[in-house]
Amino acid sequence: MELRPVGEGSSFTLVAAFYNYLDQSTTMLDVKYRIDCLTTKQTVRDWTSVTPSAQMEIEVTPTDNEIQNDRNKREQRQLTIVANDDSDTQFVDPDPVRWWVNNILPGRSVLP
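Residues numbered from 1 in each chain as written. Predicted model: local features only at pLDDT ≥ 70, side-chain atom pairs only at ≥ 80, totals over all residues. Heavy atoms only, no water.

1. Thoughts on the overall build of the protein
Part 1 of the argument: When helices and strands are counted, the protein shows zero helices and nine strands.
Part 2 of the argument: Scanning the protein from its N terminus toward the C terminus, one meets helices and strands in the order β-β-β-β-β-β-β-β-β.
Part 3 of the argument: Across its three principal axes, the protein shows a C-alpha extent of roughly 50 × 25 × 25 Å.
Part 4 of the argument: A buried classification covers 35% of the 112 residues belonging to the protein.
Part 5 of the argument: Long-range contacts, defined as pairs at least 24 residues apart, comprise 67% of the intrachain contacts of the protein with a sequence gap of at least 6.
Part 6 of the argument: With the model as given, the accessible surface of the protein reaches about 7100 Å², and the carbon-plus-sulfur share is 48%.
Part 7 of the argument: Distance between charge centres in the protein, computed from 11 positive and 17 negative side chains, equals 11 Å. (Helix = DSSP H or I, 4+ residues; strand = E, 2+ residues; numbered from the N terminus. Buried < 20%, exposed > 50% of the residue type's maximum accessible area, 1.4 Å probe, protein only. Contact = heavy atoms within 4.5 Å. Areas by Shrake-Rupley, 256 points an atom, 1.4 Å probe, with all protein chains shown as cover. Lys, Arg positive; Asp, Glu negative; His and termini not counted. Charge placed at Lys NZ, Arg CZ, Asp CG, Glu CD.)

Written out as structure tokens, the structure is:
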């Protein structure tokens, strides 16, 4: 799968939804996510809880897309979702969302 690139300091919204084995929309007991930089092996945003609903919006902020190491031309991010944590029905996203963050000004940060 080709990763979509975004510019450093960009923001976007991801929509997450859960379905049961009958392909019916369902609401989990709890939902959390985290964002990691796979290039630098740093946690960009630690586990963050989201109010469970049939469809949830996750805001990826300019800070989430800030380059971690200014020498990198681009860095790969990954957003992992876990639902029903520590239960018999725990769900860990088998296909986390990944994207590239392009360094707009290599050697300098765009954000203050």
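Once you've had a look at it, read on.
2. A few points about the pairing of strand E5 (residues 42-50)
Part 1 of the argument: Bridge count between strand E4 (residues 31-37) and E5: six bridges; the pairing is antiparallel. Looking across to E5, one finds that Val31 is bridged to Val50.
Part 2 of the argument: Counting the residues between successive antiparallel strands, the hairpin from E4 to E5 contains four residues, one of them, Lys41, with a positive phi of roughly 60 degrees. (Pairing = 2+ DSSP bridges.)

3. Quick look at the confidence of the model for the protein
Part 1 of the argument: Averaged over every residue, the pLDDT of the protein is 89; the share at 70 or more is 92%.
Part 2 of the argument: When the elements of the protein are averaged for pLDDT, strand E8 (residues 91-92) gives the smallest value, 84, and E5 the largest, 97. (pLDDT = per-residue confidence, 0-100.)

4. Description of the nonpolar core
Part 1 of the argument: Residues Phe18, Val31, Tyr33, Leu79, Ile81 and Trp99 are the most contacted members of the largest nonpolar core, which totals 18 residues.
Part 2 of the argument: For this core, the secondary-structure elements that each account for two or more residues are strand E2 (12-19), E4, strand E6 (55-60), strand E7 (74-83) and strand E9 (97-102).
Part 3 of the argument: When near neighbours in sequence (up to four residues on either side) are disregarded, Val31 contacts Phe18, Thr48, Ser49, Val50, Pro52, Met56, Ile81, Val82 and Ala83. (Core = buried A, V, L, I, M, F, W, Y, C linked by side-chain atoms within 4.5 Å.)

5. Considerations on the packing of aromatic side chains
Part 1 of the argument: In the structure shown here, the tally under the stated rule is two aromatic pairs.
Part 2 of the argument: For the ring pair Phe12 and Trp99, a centre distance of 5.2 Å and an interplane angle of 90 degrees mean the geometry is edge-to-face. Taken together, the positions of Phe12 in strand E2 and Trp99 in strand E9 put the pair 87 residues apart, joining distant regions of the chain.
Part 3 of the argument: Take Trp99: its relative accessible area is 3%, and that puts it in the buried class.
Part 4 of the argument: Pairing Phe18 with Phe91 gives two aromatic rings, centres 5.6 Å apart and planes at 85 degrees, and the pair type is edge-to-face. Of this pair, Phe18 sits in strand E2 while Phe91 is found in strand E8, placing the two residues 73 residues apart along the sequence.
Part 5 of the argument: Of the residues examined, Phe91 reaches a relative accessible area of 28% and is grouped as partly exposed.
Part 6 of the argument: When the ring centre of Trp47 is taken as origin, the NZ or CZ atom of Lys32, which lies over that ring, is 4.9 Å away.
Part 7 of the argument: Across the ring face of Trp100, the terminal group of Arg74 is positioned such that the distance to the ring centre comes to 3.7 Å. (Phe/Tyr/Trp six-rings, centres within 6.5 Å; stacked < 30°, edge-to-face > 60°. Lys NZ or Arg CZ within 6 Å of the ring centre and 35° of its normal.)

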